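Chain by chain, the residues run as shown.
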Amino acid sequence: MASSRHPVSGRAVALVQKRRLQTFAFSVRWSDGSDTFVRRSWDEFRQLQKTLKDTFPVEAGVLRRSDRILPKFPDPPLLVRGGHTGRGLARLGLLNTYVQALLGTAERVLRSLALSSFFEPQPLDLEPVLPPGSLVILPAPKEPLPRPTDHLAIHSLEAQRLRCLQPFRTQDTQGRPFLAEAQESLDVLLRHPSGWWLVENEDLQTAWFPAPYLEEVVLGQGKAGLTLGTSGAQFCALRAYEGSHDDELSVPAGARVRVLETSDRGWWLCRYGGKAGLLPAVLLQPEGLSVLLSGTGILGEDKAEATMTPPAVPARPPLSAIQSRCCTITRRALGKVPGPLGPP
């Protein structure tokens, strides 16, 4: 039995850990152009493999190995640095490879109900908050070997002071803890196109910081106003909605939409699939995972103060890409290039 829509691609985005329980967060792109976040355990992925093997014995190579197109389920890593968290991140990488291979198989497999049902957002995926005590761990990208940078793009180091939307913890350029609290002001020293900007706090610590966590204070807006990021606040559709007028949007269940404007009349102006239109506000709520990975947060309708949801953290750029965007003085100040700290 085929589903009306089917997943076409997916990638691992985070490890969600609560004590010893680990789930693996994936961003899934569907054939209708929508994107969803889902969290599944290692055992649930293993059960999916068994279900697909029973449903598609030919594609699984049960009859003849030469007919096999379904990827093998990876073996869990045994010896990994970092203890329980390290093993979870290693599993996340294995599952990322597995999912990408799985979604690259035959169309018959992609359109199967078993695969679509597995990646469809479940009620827990649509909860407005993650379970208390949950820790979201982003995988660190593998940095390539340093390569020469023959062409350096020099950016202005004139600092611009921006405000931090939500608390965020990272490390400064010297490897020390760097914690920015909500509403804390940070000086932006360098804007990198990857979305990681070089910032400095009042203690003169410099660190690479995710740009979506920073905003300019909009003048003329008090606490009762509406503060939107550059891409709008992100919400999730609790169930499918079929628009009945030209100015309404149609969205599937679990779709992530951008809220452009709110209203106390129960209809919000949203953007989805490259189109802007109205959706019933009662259908929309922040995703538990999306608030950590994709949302920018807006003011609730009846709240006196802003309720901000953590925005998306962009993938860290390779070290060589950062260096190529810095001038020589900046690279030396960061300790990335041997030599004196003064001008050449």
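To be clear, the structure that these remarks concern was listed above.
In this report, the structure presented in the accompanying data block is examined. Everything quoted here is computed from the prediction, not taken from an experiment.

**Some points on the overall build of the protein chain**
Point 1. Of regular secondary structure, the protein chain possesses seven helices and 16 strands.
Point 2. Across the 344 residues that make up the protein chain, the buried fraction comes to 44%.
Point 3. Partitioning the contacts of the protein chain with sequence separation of at least 6, the portion at a separation of at least 24 is 59%.
Point 4. Within the structure as shown, the protein chain displays about 18900 Å² of accessible surface, and the carbon and sulfur contribution to it stands at 54%.

**As for the sheet that holds strand β2 (residues 21–30)**
Point 1. Strand order in the open sheet made by the four strands is β3-β2-β1-β4, with antiparallel pairing throughout. At either margin of the open sheet sits one strand with a lone partner, and together these are β3 (35–40) and β4 (135–137). Averaged over all neighbouring strand pairs, the angle between strand axes comes to 30°, with direction disregarded.
Point 2. One ladder, built from three bridges, connects strand β1 (residues 7–18) with β4; its direction is antiparallel.

**With respect to the pairing of strand β7 (residues 177–180)**
Point 1. Residues of β7 alternate between two faces, with Phe-178 and Ala-180 buried on one and Pro-177 and Leu-179 left unburied on the opposite face.
Point 2. Relative to β7, strand β6 (residues 168–171) runs antiparallel, the two being bridged by four bridges. When the bridges of β7 are listed, Gln-171 appears paired with Pro-177.
Point 3. Linking two consecutive strands that pair antiparallel, namely β6 and β7, is a turn of five residues; a positive phi of about 85° is found at Gly-175 within it.

**Focus: the pattern of salt bridges**
Point 1. Per the stated rule, a full pass over the model turns up nine salt bridges.
Point 2. Notably, a salt bridge pairs Arg-108 with Glu-59, separated by 2.7 Å at the nearest N-O pair. Separated by 49 residues along the polypeptide, Arg-108 in helix α3 (residues 107–110) and Glu-59 in the loop between α1 (42–55) and α2 (83–102) bring together distant segments of the chain.
Point 3. Accessibility expressed as a relative area gives 13% for Glu-59, which makes it buried.

**Focus on the side chain of Arg-256**
Point 1. Here Arg-256 lies in strand β13 (residues 256–261).
Point 2. Within polar-contact distance, the side chain of Arg-256 engages the backbone oxygen of Thr-36 at 3.5 Å.

**Details of the pairing of β2**
Point 1. Of all 10 residues in β2, eight are buried, a share of seventy percent or more.
Point 2. Bridge count for β1 against β2 is 10 bridges, and the pairing is antiparallel. When the bridges of β2 are listed, Val-16 appears paired with Thr-23.
Point 3. Hairpin connection from β2 to β3: four residues lie between these consecutive antiparallel strands, with Gly-33 at a positive phi of about 90°.

**Brief notes about the packing of α1 against α2**
Point 1. Relative to each other, α1 and α2 sit at 30°, their axes nearing to 12 Å. Looking at the two axes, α1 sits roughly parallel to α2. As α1 runs across α2, the sense of the crossing is left-handed. Where α1 abuts α2, its residues Trp-42, Phe-45, Leu-48, Gln-49 and Leu-52 lie against Arg-91, Leu-95, Tyr-98, Val-99 and Leu-102.
Point 2. When the residues that make up the contact of α1 with α2 are grouped by side-chain class, the tally is eight nonpolar, one polar and one charged.

**Brief notes about the side chain of Glu-248**
Point 1. Checked against the element boundaries, Glu-248 lands in the loop between β12 (233–237) and β13.
Point 2. Arg-239 provides the closest opposite charge to the buried, unpaired Glu-248, separated from it by 13 Å.
Point 3. Among the polar contacts listed, one links the side chain of Glu-248 to the side chain of His-245, at a separation of 3.1 Å.
Point 4. Apart from the residues within four sequence positions on either side, Glu-248 is in contact with Tyr-241, Gly-243, Trp-267 and Leu-278.

Conventions and cut-offs
- Residues numbered from 1 in each chain as written.
- Predicted model: local features only at pLDDT ≥ 70, side-chain atom pairs only at ≥ 80, totals over all residues.
- Heavy atoms only, no water.
- Helix = DSSP H or I, 4+ residues; strand = E, 2+ residues; numbered from the N terminus.
- Buried < 20%, exposed > 50% of the residue type's maximum accessible area, 1.4 Å probe, protein only.
- Contact = heavy atoms within 4.5 Å.
- Areas by Shrake-Rupley, 256 points an atom, 1.4 Å probe, with all protein chains shown as cover.
- Pairing = 2+ DSSP bridges.
- Axes fitted to C-alpha atoms, helices over the stretch in contact; angles between N-to-C directions.
- Salt bridge = Lys/Arg side-chain N within 4 Å of Asp/Glu carboxyl O.
- Polar contact = N/O pair within 3.5 Å; in protein donor to acceptor, adjacent residues only side chain to side chain.
- Parallel < 35°, antiparallel > 145°, perpendicular 65-115°, else oblique.
- Left-handed = near helix turned anticlockwise from the far one by under 90°.
- Nonpolar A, V, L, I, M, F, W, Y, C, P; charged D, E, K, R; others polar.
- Lys, Arg positive; Asp, Glu negative; His and termini not counted.

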